[in-house]
Amino acid sequence: MSELFIAGGTIVDPERMHRFAGDVLVRDGRVAQTAAPGALRPTAGARVIDASGCIVCPGFIDPHSHIDGDRYTATLSLLQGITTTVGGNCGFSPLDMGAFLDTQAHFPIHQAELIGMCSLREAAGVTDPFVPAQGEQIETMARLCRQALACGAAGVSLGPAYTPGASIEEMEALCREAKAMDRPVAIDTRMNSMTDLHSLEEAIDLARATGCRLVISHFVYQYGVGVEYHALAILEDARNDGIDVHLDSGMYKDWCSTVGSALFEPGIMRDNGIELWHLRVITGEHIGQQPDEALLAHLRAEHPQDAVVVNTGDQEAVYAIARYPLTMISTDAGTYKPREGHPQIAGSFPRYLREMVRERREMTWEQAIYKATLLPAKVFSLRGKGRLRPGSDADLLVFDPEEIMDQADFPGLGCPNAAPTGIRCVIVGGEVAVMNGQFENLSMGGAIRAC
């Protein structure tokens, strides 16, 4: 029998939205009991963790990442308190879902995985992102989607931002497959123009037509350019019409993607007001540089997998969207080499708590933790996650509310993979994974199969 005893902390229970001083007893990978200080006693062999001065809560659930089995990026998530991630976003995922999930045992964190539209299009023979799938191709996409969901995919991800030619018909077909299995659909909406809201209405129409549960991906990157309040009002109207829609959003205004994607086609850049001075290369031999036309063309032709960050957003929009009640906090983390990439891979959740609770006081600790734990657990039907009740999974976090701080920054300005401070302990599957910033056990996570 394995037992942990977390003593003397302030417990935040996101189910009851309640905060109280107490102890947590963990036994054999599950929360056994929570109680007032002194009411519980550990057994002689239990490991005792001193949580004095700290908050104890469920581990964070990242509803939007691109870790997809990458162990290094998973460790960066772990260091910021993430114990579960949802991958396969923006339409890109492993195609053989059963095989992928079979290989994810003994991973640093837990992984749920969506089946992606872009991957399905390619498997059906649709290789041009600017053309729609046709009859038999749509049938093939739907069949492969159905297989992936049957093998445990947590839902479907649509990526019309990366496949501008994708039709309503092909997206509706995948939404219906998700609805039939009661799984959510996450969508990276089109980028028709900088301030376009038709893309959001298109996504809501998909949910209206098919009845699927909808998640709008990285909302601040899509609509945090001065139209965020109008976009949120559209969501409220949809909710009032009975449409089940949520969103995920991060704590940075600057989004990134691979330079070879359709997002950096000249016409799409023009329509979205993306200028060369908005760009910074964040991977590869040109890291830290702001490209001119020649370098951008070179990167797209010779290094299409290099990543570029785009500085077009509004920082106040980050906060407006983060405080919206239906927002789940996300990282949009990609896979990078050390000292490369976007600081969201290492700093998102500590930055969220620092800015929204400690500095700006826009949320209570209870509200902030709910949006980072139980809310995504509900949206993605992650049973046993995001809770502190007896019997729930012992994926837990102990952090100092006065010290938690992100340290990551963009290449050329700082280190994008710098670990945060203020996180005392991260527990995955009832075992200590991180203690005071040091790894102890990186094998307690694994695949989450939807059922």
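Residues numbered from 1 in each chain as written. Predicted model: local features only at pLDDT ≥ 70, side-chain atom pairs only at ≥ 80, totals over all residues. Heavy atoms only, no water.

Asks: Where do I start with the layout of surface pockets in this structure?
Replies: Here the idea is plain: a probe the size of a water molecule rolls over the atoms and shows the empty space left. In this structure, the largest pocket spans a volume of roughly 1000 Å³. Around the largest pocket, the lining is made up of 44 residues, and of these Phe92, Tyr162, Ser257, Thr258 and Gln305 lie nearest the centre. Contributing elements (two or more residues each) for the lining of the largest pocket: helix H3 (117-123), helix H7 (219-223) and strand E13 (255-258). Together, 15 residues line the second largest pocket, and Phe380, Ser381, Arg383, Ala450 and Cys451 are the ones closest to its centre. Residues belonging to the lining of the second largest pocket are distributed by class as follows: 9 nonpolar, 1 polar and 5 charged. (1 Å grid on protein atoms, 1.4 Å probe; cavity = no way out; pocket = protein on both sides within 12 Å on 5 of 7 lines; lining within 4 Å. Points joined across faces, edges and corners; volume = space filled by probe spheres on them. Helix = DSSP H or I, 4+ residues; strand = E, 2+ residues; numbered from the N terminus. Nonpolar A, V, L, I, M, F, W, Y, C, P; charged D, E, K, R; others polar.)

Asks: I tried to follow the environment of Gly29 on my own but got confused; where do I start?
Replies: With respect to the helices, strands and loops of the structure, Gly29 is situated in the loop between strand E2 (18-27) and strand E3 (30-35). Residues Gly29 and Glu3, 26 residues apart in the sequence, show an inter-C-alpha distance of 8.2 Å. Beyond its immediate chain neighbours, meaning those up to four positions away, Gly29 contacts Ser392, Asp393, Ala394, Gly429 and Gly430. (Contact = heavy atoms within 4.5 Å.)

Asks: Quick question: what am I supposed to make of the side chain of Gln80 here?
Replies: Within the fold, Gln80 resides in the loop between helix H1 (71-79) and strand E7 (82-87). The buried category is assigned to Gln80, whose relative accessible area is 0%. Among the polar contacts listed, one links the side chain of Gln80 to the backbone nitrogen of Phe349, at a separation of 2.9 Å. For Gln80, the contacting residues outside a window of four places in its chain are Phe60, Thr331, Gln344, Ile345, Ala346, Gly347, Ser348, Phe349, Pro350, Pro420 and Ile423. (Buried < 20%, exposed > 50% of the residue type's maximum accessible area, 1.4 Å probe, protein only. Polar contact = N/O pair within 3.5 Å; in protein donor to acceptor, adjacent residues only side chain to side chain.)

Asks: Could you clarify how one ought to interpret helix H12 (residues 344-359) in this entry?
Replies: In this model, H12 (16 residues) spans only 19 Å end to end at C-alpha, well below the 22 Å of a helix rising 1.5 Å per residue. The principal kink in H12, of about 35°, is found at Pro350. Trailing H12 by a residue or two, Arg361 shows a phi angle of about 55°, which is positive. (Expected span 1.5 Å × (residues − 1). Bend = angle between axes of the 7 residues up to and from the residue.)

Asks: Looking at this structure, I do not really get the pattern of salt bridges. What am I missing?
Replies: Opposite charge on two side chains permits them to pair, given that their charged atoms come into close proximity. Counted according to the given criterion, the structure contains 29 salt bridges. Residues Asp205 and Arg208 are paired through a salt bridge, measuring 2.7 Å at the closest nitrogen-oxygen approach. In this pair, Asp205 and Arg208 are both assigned in helix H6 (residues 198-210), 3 residues apart and thus about one turn of the helix distant. Salt bridges linked by common partners bring Arg351, Arg354, Glu355, Glu359 and Asp406 together as one network. (Salt bridge = Lys/Arg side-chain N within 4 Å of Asp/Glu carboxyl O.)

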